[in-house]
Amino acid sequence: MRKHLSVWMTAARGIAGPLALILLVMAAAEGVLLWSAYPDYEATGLYFLLSDCPLVWPFRAALVLLAAACCLHGSGLGGSAVGNTLGRLRVSELTAFLLWGLCYATAFVILWAVQAGILLGAGWYFTTHAAPSAASPQTVLLASWQVPFFHAVLPLDQWTGYVRMACLSLGLGIGCAAWSFWRRRTANGYAAPFLVILWVVTITFDPTDFFMDLFLILAALVTAGVSIYLVWGEVYRHADSH
């Protein structure tokens, strides 16, 4: 158990710095957007503020940057001695790949949670500072249903929304670990770019659509499953050849 935890921590230490920086920049960018737009919407309503403020773009940028950081961390590019590090961890390369994938998935869940927190914070600030005619106890609840981006990251009682976001996080975490794995073999991995594009493009689609949730859940799980299968095959072919 201890050696498996050390593998996970190796990935966590490598990605913690970039993750913290990405979250800080994303929060700052969204804060500036909200603060600059707030005076124009103080008397109209939270729905109009969040609908017109392009908060999804900092999140999209953060998603792409975090995926790039995860992919590059274990790839061996830039002269990093990741291969030697893996050799000292006393676990199989397949196990290291899975643990690193779970670590990266955790990073994407943290990104999701921070984004939800920013939107909730914006809603709380609006309801406590806006004109009484523009805010009510239900203001944040209604906005989270009416604004697609808000509802995508905070689906409330729509359980498929949480499954969607969790599966996309898991799939992208495994995809990033797979990309690194194949780069160490001077090959290419396609799972991470595919899921990044899918998540970035669909984040503002109708998040109340059950079939869209189902499609994204299946796409993420199938992509993760295929990535694991291909890595497993490569690891055991390499072991048999030695």
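Refer to the structure printed above.
Let me begin by describing the structure that accompanies this report. (Residues numbered from 1 in each chain as written. Predicted model: local features only at pLDDT ≥ 70, side-chain atom pairs only at ≥ 80, totals over all residues. Heavy atoms only, no water.)

Quick look at the overall build of the chain
Looking only at helices and strands, the chain has ten helices and zero strands in total. Order of helices (α) and strands (β) in the chain, N terminus to C terminus: α-α-α-α-α-α-α-α-α-α. For the chain, buried positions account for 48% of its 242 residues. Counting contacts in the chain only where the partners sit at least 6 residues apart, residues at least 24 apart contribute 79% of the total. Carbon and sulfur atoms make up 70% of the accessible area of the chain, which totals about 11800 Å². (Helix = DSSP H or I, 4+ residues; strand = E, 2+ residues; numbered from the N terminus. Buried < 20%, exposed > 50% of the residue type's maximum accessible area, 1.4 Å probe, protein only. Contact = heavy atoms within 4.5 Å. Areas by Shrake-Rupley, 256 points an atom, 1.4 Å probe, with all protein chains shown as cover.)

Comments concerning the packing of helix α3 (residues 56–73) against helix α5 (residues 93–129)
Between α3 and α5, the least distance of the axes is 11 Å, while the angle of their chain directions is 165°. Judged by the angle between their axes, α3 and α5 are roughly antiparallel. Judged by the sense of rotation from one axis to the other, the crossing of α3 with α5 is right-handed. Across the interface between the two elements, Phe59, Ala62, Leu63, Leu66, Ala67, Cys70 and His73 of α3 pack against Trp100, Tyr104, Ala107, Phe108, Leu111 and Gln115 of α5. (Axes fitted to C-alpha atoms, helices over the stretch in contact; angles between N-to-C directions. Parallel < 35°, antiparallel > 145°, perpendicular 65-115°, else oblique. Left-handed = near helix turned anticlockwise from the far one by under 90°.)

A look at helix α8 (residues 159–184)
Two residues of an α-helix separated by three or four positions point the same way, owing to the 3.6 residues in each turn. Here α8 is 26 residues long and its end C-alpha atoms lie 38 Å apart, about the 38 Å a rise of 1.5 Å per residue gives. The first or second residue beyond α8 is Thr186, which carries a positive phi of 55°. (Expected span 1.5 Å × (residues − 1).)

Focus on the pattern of salt bridges
Evaluated as defined, the whole model comprises four salt bridges. Arg184 is paired through a salt bridge with Glu93; the nearest N and O atoms lie 3.4 Å apart. Taken together, the residues Arg184 in helix α8 and Glu93 in helix α5 connect sequence positions 91 residues apart. With its nearest N and O atoms 2.5 Å apart, the salt bridge here joins Asp213 to Arg164. In this pair, Asp213 sits in helix α10 (residues 210–241) while Arg164 sits in helix α8, placing the two residues 49 residues apart along the sequence. In terms of burial, Asp213 and Arg164 fall into one category: buried. A single network of salt bridges, built from pairs that share partners, joins Glu93, Arg184, Arg185 and Glu234. (Salt bridge = Lys/Arg side-chain N within 4 Å of Asp/Glu carboxyl O.)

In short, the description is geometric, and any link to function would need to be established separately.
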